[in-house]
Amino acid sequence: MAAITRNDYNEILTVMFNDSSESDSSSSDENDLDLILDDLHDRFRYLLDSLDLIWFDPERFSNAIHNKGAPLTQCFGFIDGTVRPIARPTRNQQIMFSGHKRTHCIKFQSVHAPNGLILNMFGPIEGRRHDAFMLGVSGIMDKLRRIQQPNGEPYVIYGDPAYGVTDNILAPFRGVDLTVAQKEFNKRMSKVRVSVEWGFGKIAQYFAFLDFKKNQKILLQPIAKYYLVGSLLINCHTCLYGSQTSSYFDVQPPSLETYLSNHL
């Protein structure tokens, strides 16, 4: 996987701001970082919220996932939550504390596509909340209901047991007396679902600052905005260079221009 360089981000920012590639943005990068983050977030946040995306092709994505061994033929992506540890707040500590993870944190929920892009990201919510709560308030269920196969049957995404089973979200079989077929289903779906961890891992790999707990001071910094903009930039990097996920499923992401403009 290609490493991110300053030239990469010059190219990304050039497309985002529609500026000449000859413009010198170094001063802006250094002196107006907060303004740049605000602008990137305000102008492109919808690319992590809406499913009305020109590159989103559930039929192609579900075929790619099935071709890698998944027993499902209608699954176009994978849903998961991520815990982002933060420095212990000076007040209201219990709100941000996750008893399960035993750390203060904020949480995000995302849907990952087989072309390596984060299709949808919701958050942040406070660390004490459960994944099922995050699912309910995210609004993703209403968006998923509108995505149907040509025969009228729903497409689905696949998640861990915390998300339960609905018309649009499937999860592993649970219990101590699973049949051979159920165990095989879980095994094959687990193999392809690991790609969601590659997506979260890429953000942490290229933006180590976001993974350093002591730097994440929720009362002093817009740390949620940092993570959302970092996710947008990682999607941009994937458009330029691909990713482990896009290589694994053999699905190429859109061009950077197509992704950011949301037009062919």
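Since the model is a prediction, treat every value here as computed from it, not as a measurement.

Asks: Looking at this model, I keep getting lost on the overall build of the protein. Mind explaining?
Replies: Helices and strands together make up the secondary structure of the protein, namely 12 helices and 6 strands. Going through the 264 residues of the protein one by one, you find that 48% of them count as buried. At a minimum sequence separation of 6, the contacts of the protein that also span at least 24 residues come to 66%. Looking at the protein as shown, the accessible area adds up to about 13300 Å², and 49% of this sits on carbon and sulfur atoms.

Asks: Where do I start with helix H10 (residues 223-241) in this structure?
Replies: Every α-helix carries 3.6 residues per turn, so stepping three or four residues along brings you back to the same face. Its 19 residues give H10 an end-to-end C-alpha distance of 26 Å, which sits within 8% of 27 Å, the value for a rise of 1.5 Å per residue. Burial of H10 is extensive: 16 of the 19 residues sit out of reach of the surface. Positive phi shows up at Gly 242, right after H10, with a value of about 75°.

Asks: I tried to follow the pattern of salt bridges on my own but got confused; where do I start?
Replies: Side chains that differ in sign of charge can pair as their charged atoms come close. Overall, the coordinates contain 9 salt bridges when judged by the stated rule. Across the pair Lys 225 and Asp 38 runs a salt bridge, and its minimum N-O distance is 2.7 Å. Placement of the pair is Lys 225 in helix H10 and Asp 38 in helix H3 (residues 33-44), with a sequence separation of 187 residues. Taking the relative accessible area as the measure of exposure, Lys 225 reaches 22% and is therefore partly exposed. For the salt bridge of Asp 49 with Lys 143, the shortest nitrogen-to-oxygen distance reads 3.1 Å. Of this pair, Asp 49 sits in the loop between H3 and helix H4 (58-67) while Lys 143 sits in helix H7 (residues 140-145); the two residues are 94 residues apart in sequence, bridging distant segments of the chain. When its relative accessible area of 37% is taken as the criterion, Asp 49 is described as partly exposed.

Asks: Would you mind going over the packing of helix H9 (residues 195-206) against H10 with me for this structure?
Replies: In a pair of packed helices, the angle between the axes and the distance between the axes together describe the arrangement. At a minimum axis separation of 10 Å, H9 and H10 run at an interaxial angle of 100°. The angle between H9 and H10 falls in the class roughly perpendicular. Here Phe 200, Lys 202, Ile 203 and Tyr 206 of H9 lie close against H10, whose contacting residues are Tyr 227, Ser 231, Ile 234, His 237 and Thr 238. For the contact of H9 with H10, the residue count by class is 5 nonpolar, 3 polar and 1 charged.

Asks: How should I be thinking about the side chain of Gln 109 in this particular structure?
Replies: Checked against the element boundaries, Gln 109 lands in strand E3 (residues 103-112). Gln 109 sits in the buried class, given a relative accessible area of 0%. In this structure the side chain of Gln 109 is engaged in a polar contact, spanning 3.1 Å, whose partner is the side chain of Ser 138. Among residues more than four places away in sequence, those in contact with Gln 109 are Ile 79, Asp 80, Gly 81, Asn 120, Met 121, Phe 122, Asp 131, Met 134, Leu 135, Ser 138, Ile 140 and Tyr 163.

Asks: Looking at this structure, I do not really get the side chain of Lys 202. What am I missing?
Replies: When you line up the elements, Lys 202 lands in helix H9. We classify Lys 202 as buried; its relative accessible area is 5%. A polar atom in the side chain of Lys 202 sits 3.1 Å from the side chain of His 237. A polar side-chain atom of Lys 202 sits 2.8 Å from a polar atom in the side chain of Thr 238.

Asks: Sorry if this is basic, but what is going on with the pairing of strand E4 (residues 118-126) here?
Replies: Burial runs high along E4: 7 of the 9 residues are buried. In terms of strand pairing, E3 meets E4 through 6 bridges, oriented antiparallel. Among the inter-strand pairings, His 112 is bridged to a residue of E4, identified as Ile 118. Where E3 hands over to E4, the hairpin turn is made up of 5 residues, of which Gly 116 adopts a positive phi near 95°.

Asks: Explain unusual backbone geometry to me, please; I cannot follow it from the model alone.
Replies: Glycine aside, negative phi is the norm for most residues, and most peptide bonds take the trans geometry. At the junction of Gly 123 and Pro 124, the peptide bond is cis and its omega measures out at 10° in the coordinates. Within the secondary structure, Pro 124 sits in strand E4. The backbone of Asn 92 sits at a positive phi, close to 55°, despite the residue not being glycine. Relative to the helices and strands, Asn 92 is located in the loop between strand E1 (75-85) and helix H5 (93-96).

Asks: Quick question: what am I supposed to make of the nonpolar core here?
Replies: The nonpolar side chains of soluble globular proteins are, as a tendency, buried together. One finds Phe 76, Phe 78, Leu 144, Met 189 and Tyr 259 to be the most contacted residues of the largest nonpolar core, which totals 66 residues. Here this core takes 11 residues from H10, the largest share from any one element.

Asks: What am I meant to see in the confidence of the model for the protein here?
Replies: Close inspection of predicted coordinates is inappropriate for parts of the model with low pLDDT. Mean pLDDT over the protein stands at 89; residues scoring 70 or higher make up 88%. Of the regions scoring below 50 in pLDDT, residues 19-30 engages in 11 contacts with residues more than four places distant in sequence or in other chains.

Rules behind the numbers
Residues numbered from 1 in each chain as written. Predicted model: local features only at pLDDT ≥ 70, side-chain atom pairs only at ≥ 80, totals over all residues. Heavy atoms only, no water. Helix = DSSP H or I, 4+ residues; strand = E, 2+ residues; numbered from the N terminus. Buried < 20%, exposed > 50% of the residue type's maximum accessible area, 1.4 Å probe, protein only. Contact = heavy atoms within 4.5 Å. Areas by Shrake-Rupley, 256 points an atom, 1.4 Å probe, with all protein chains shown as cover. Expected span 1.5 Å × (residues − 1). Salt bridge = Lys/Arg side-chain N within 4 Å of Asp/Glu carboxyl O. Axes fitted to C-alpha atoms, helices over the stretch in contact; angles between N-to-C directions. Parallel < 35°, antiparallel > 145°, perpendicular 65-115°, else oblique. Nonpolar A, V, L, I, M, F, W, Y, C, P; charged D, E, K, R; others polar. Polar contact = N/O pair within 3.5 Å; in protein donor to acceptor, adjacent residues only side chain to side chain. Pairing = 2+ DSSP bridges. Core = buried A, V, L, I, M, F, W, Y, C linked by side-chain atoms within 4.5 Å. pLDDT = per-residue confidence, 0-100.

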